[in-house]
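Letter by letter, the chains look like this.
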Amino acid sequence: MKLHFLGANRQVTGSRYCLETEGRELLIDCGLFQERQFQDRNWDPCPIPAERVDAMLLTHVHIDHSGLIPRFVREGFAGPIHCTRPTAALVEIMLRDAAKIQTEDADYKKKRHARENRRGRFAPEPLYVDEDVDRCVPLFREVHYNQPQQIFPNVRAIFHDAGHILGSAMITLEVTENGQMKRLVFSGDIGQWNKPIIQDPTLLVQADYLVMETTYGDRLHPDAGDVESQLADVINTTIGRGGKVIIPTFALERAQELMYHFARLVRANRIPNIKVFMDSPMAVDVTAVFERFREYYDDEMRALITGPEPPLRFPGLTMVRSTAESKKINEVREPCVIMASAGMCNAGRIKHHLRQNISNPANTILFVGHQSYGTLGHHILSGAPFARIHGQDFRVAAKIAQVYGLSGHADRNGLLKWLTHFEPKPKRVFFTHGEEAVALAFAEHAEKQLGHHTYVPHYQEAVELT
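Caption draft 1: Structural context of the packing of aromatic side chains. Taken as a whole and judged by the stated rule, the model has ten aromatic pairs. Seen in terms of ring centroids, Tyr17 and Phe186 are 5.6 Å apart; in terms of plane orientation they differ by 45°. Their pairing is tilted. Taken together, the residues span a long stretch of sequence, with Tyr17 in strand β2 (residues 17-21) and Phe186 in strand β10 (residues 180-186) at a distance of 169 residues. Phe186 carries the same exposure label as Tyr17, and that label is buried. Pairing Phe431 with Phe442 gives two aromatic rings, centres 5.2 Å apart and planes at 90°, and the pair type is edge-to-face.

Caption draft 2: Structural view of helix α7 (residues 281-292). An ideal rise of 1.5 Å per residue puts 16 Å on twelve residues; α7 measures up with 17 Å between its terminal C-alpha atoms. Buried within α7 are the following residues: Pro281, Met282, Ala283, Val284, Val286, Thr287, Val289 and Phe290.

Caption draft 3: Summary view of helix α12 (residues 412-419). Looking at α12, one finds that the buried residues are Gly414, Leu415, Leu416, Trp418 and Leu419. Against the buried residues of α12 lie β9 (169-177), β10, β11 (209-213), β20 (428-432) and α13 (436-448).

Caption draft 4: Main features of the pattern of salt bridges. Across all of its chains, the model carries 26 salt bridges by this definition. Arg74 serves as the salt-bridge partner of Asp132, at 2.7 Å between the closest nitrogen and oxygen. Of the two residues, Asp132 is situated in helix α4 (residues 130-136) and Arg74 in helix α2 (residues 69-74); the sequence distance between them amounts to 58 residues. The partly exposed category is assigned to Arg74, whose relative accessible area is 42%.

The rules behind each value
- Position numbers for residues start from 1 in each chain and track the written sequence from start to end.
- Only residues with pLDDT of at least 70 are given local features in this predicted model, and only at 80 or more are side-chain atom pairs given and counted; all residues enter the totals for whole chains, interfaces and linings.
- Excluding hydrogens and water, the side-chain figures rest on all heavy atoms present in the structure.
- To pair, rings of Phe, Tyr and Trp, with the six-membered ring standing in for Trp, must have centres within 6.5 Å; the planes then decide the type, stacked if under 30 degrees apart, edge-to-face if over 60, and tilted in the middle.
- Secondary structure follows DSSP: runs of H or I at least 4 residues long count as helices, runs of E at least 2 residues long count as strands, and numbering of each begins at the N terminus.
- Throughout this description, buried means an accessible area under 20% of the type-specific maximum (1.4 Å probe, protein chains only), exposed means over 50%, and partly exposed covers the range between.
- A helix is expected to reach a length of 1.5 Å times the quantity of its residues less one.
- The criterion used for residue contact is that any of the two residues' heavy atoms lie within 4.5 Å.
- Salt bridges are defined as contacts in which a side-chain nitrogen from Lys or Arg sits within 4 Å of a carboxyl oxygen from Asp or Glu.

Just geometry here; none of it tells us what the structure is for.
Following this line, the structure appears as structure tokens:
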């Protein structure tokens, strides 16, 4: 049994692993590399040839976990892709949006490069197009939480609620070789406890080998007060300056959480009844999926759904789908809130809104989620005086703010809570999905303080599991 580490190794994005067992190969996740310095990996063929892979398991639909699936199918993968019911409903939305963004960005780059008579670092071509997504859709197979699925004759998979986003999963693999069964657990992305809308992460107890994320393995989420008080303070302060609040927003989960909190703030008169734009066709579609899968909500959200006021709608909210509607937002002169994807500012409509608003000192750019090193969002949040957007440098004069508590990832204490629940300790713990220094620091703590046998794998490294 051999485990290949093919992404999110000593970096955050690009999650992809391949398990070899008894002549078969099983891929777990197939994510896009989003950090700028690693984006060329998206164009490289998978080190495990696609036609050799027999099946895939998908932990959740975030693009750093699912975003290379259409390209992998184009390269020759034709096996089943097992995922939860909400993931199956959401993944087509996510992948079509990714294909659309890549096509639009490629067209924009072609025109700009022709105008400037130069060539960029990457070819101005999309990684995949809508027709590639068409070939993916029939491959998805729905599974339920906590119900074993026979993947190969010697491999069973059990999906557990990860509490990260709707339908997210951590996966237990029960692999039998030479008459012995070993449990491998892939954490996926571990959510926070006591978040609105969805259930808490599952605490697992048994694993021989553990592959665990470390996104926030070196820090605690700052206690800056409750989320709604933070949002109200930023919005009211910005409105007082006559400015706009621009929020780079992840269309899945973060957008719905923000709408949930805005609805509560508006109805409690804690913020004025101003215009709030959700400028993301994908967020519009995702919200409709959220409203279909109510059985996956936590108890509080299920109670709200049956009440008189819809928890994801409120006066002043405009859901924007078309490009023409998006452009018309630029004509709004009065204070407003503009939420647009992508959440790390690396693609999508948010880049256009940043161009229009980042140089106005009356405005606020408000970050509500993790910004991976090397992304435009990280660059802006780090205090850089200029931001390069669509090939031009823009002065960063707007106020830069951050709301804490909305992250979909567990912090260091949450990760330790999850890790220390295993009894007995796994034979080996592999730490992934974290920047190199973060993963190494968390591994050192887990080894020295908790007694775990840990390792932080390198990109494309393969490890024998004996």
